[in-house]
Amino acid sequence: MLASIPPGSRETSRRGNLEMTGSVRSGGFFQLMGWILMVLVVSGFGIVQVLTPELTSPMRLTLALHTLILLSWFALLIIQPRLIDQRNFARHKQIGQISIVVAIALVLIGLVVTREAYQSPDWSIAGMSPQSSVMFPFTDMVFFAVLYWLAIANRKDANTHKRLMLFAGIIMLDPALARLFGTLGMPPPLLTAVEIGLVIAILIHDRKSLGRFHGATWFGAALVVATYPLVFGVSQ
């Protein structure tokens, strides 16, 4: 498991107890981050409907499903930390099982929507060709799947689990942020700036709550930062 702490010493035991206490007390931060991500997603998809309704009218069934499933995922990032704060572990576990279905559906519908977009000769992300543009959503879905799978595999380690889940959410912000900034005519680099800002917020929280940067945070941050160099490098 990521960032596991070897047993066997008093210092290790004390450190583990502090981290467990910090894990429970820091639930408010993860709820807040979940709300921030939800606001960004709703803003991204909502602004397209308000300012450029002709782009999604009539809305395709696949796009509507994609939006609904994506919103469901981000809703889980708000609900699950709250249940932990309330010590409602049984309900948290039940909803966690439902999240597996949501995560699989999100990847599958994402592939369908990407395929539909790819078939349009006018489709472009950051001014790139459809062949290059397809790397953006594909990379997001691969990284999301990796982060989610690792979060599930580390579900007994609360600090690792919730950080990986949060990073899975940050990775999946791209569709909403691209719509938000594209519709407002803002430069694409702002998308990266927002995501890096969220990563910095997690690093600051780690430092304050744990006294160090958690291994899962380093891993998630590396994926977020590597996304665009990787995409541009492969697509050339």
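Being a predicted model, the structure only gives us computed values, none of them experimental. (Residues numbered from 1 in each chain as written. Predicted model: local features only at pLDDT ≥ 70, side-chain atom pairs only at ≥ 80, totals over all residues. Heavy atoms only, no water.)

A few words on unusual backbone geometry. Positive phi is not limited to glycine here, since arginine 87 has a value of about 60°. With respect to the secondary-structure elements, arginine 87 resides in the loop between helix 3 (61–85) and helix 4 (89–118). (Helix = DSSP H or I, 4+ residues; strand = E, 2+ residues; numbered from the N terminus.)

A few words now on helix 3. Given a rise of 1.5 Å per residue, 25 residues ought to cover 36 Å, and the 37 Å separating the end C-alpha atoms of helix 3 matches this to within 8%. Looking one or two residues past helix 3, arginine 87 carries a phi angle of roughly 60°, positive in sign. (Expected span 1.5 Å × (residues − 1).)

Taken as a whole, this structure holds five aromatic pairs when the rule is applied. With a centroid separation of 5.2 Å and 90° between ring planes, the pair formed by phenylalanine 29 and phenylalanine 30 is classed as edge-to-face. Residue classification places phenylalanine 29 among the buried residues on the basis of a relative accessible area of 17%. Note on phenylalanine 30: relative accessible area 3%, which makes it buried. Taken together, the ring pairs connect Trp73, Phe144 and Tyr148 into an aromatic cluster. Across from the ring centre of phenylalanine 213, 5.9 Å away, lies the NZ or CZ of arginine 207, which sits over that ring. (Phe/Tyr/Trp six-rings, centres within 6.5 Å; stacked < 30°, edge-to-face > 60°. Buried < 20%, exposed > 50% of the residue type's maximum accessible area, 1.4 Å probe, protein only. Lys NZ or Arg CZ within 6 Å of the ring centre and 35° of its normal.)

Turning our eyes to something else, we now look at the pattern of salt bridges. Should the charged atoms of two oppositely charged side chains come close, the side chains can pair. Considering all chains together, one arrives at one salt bridge under this definition. With a shortest N-O distance of 2.7 Å, arginine 163 and aspartate 206 are connected by a salt bridge. Of this pair, arginine 163 sits in helix 7 (residues 158–171) while aspartate 206 sits in helix 9 (residues 189–210), placing them 43 residues apart in sequence. Judged on exposure class, the residue arginine 163 and its partner aspartate 206 are both buried. (Salt bridge = Lys/Arg side-chain N within 4 Å of Asp/Glu carboxyl O.)

Here we take up the nonpolar core. Ranked by size, the top nonpolar core spans 52 residues in total, and within it Leu37, Trp73, Phe74, Phe144, Phe167, Ile170 and Leu173 carry the most contacts. The set of elements that each furnish at least two residues to this core consists of helix 2 (27–51), helix 3, helix 4, helix 6 (135–153), helix 7, helix 8 (174–183), helix 9 and helix 10 (215–235). When neighbours within four sequence positions are excluded, leucine 37 is seen to be in contact with Phe74, Leu77, Leu166, Gly169, Ile170, Leu173 and Leu198. (Core = buried A, V, L, I, M, F, W, Y, C linked by side-chain atoms within 4.5 Å. Contact = heavy atoms within 4.5 Å.)

Moving on, we get to the confidence of the model for the protein chain. For any part of a model where pLDDT is low, the fine detail of the predicted coordinates should not be relied upon. When pLDDT is averaged across the protein chain, the result is 80; 77% of the residues are at 70 or more. When mean pLDDT is compared element by element in the protein chain, helix 7 scores highest at 95, while helix 1 (residues 10–25) scores lowest at 44. Note on residues 1–24: pLDDT under 50 across the span, and 27 contacts to partners over four residues away in sequence or across chains. (pLDDT = per-residue confidence, 0-100.)

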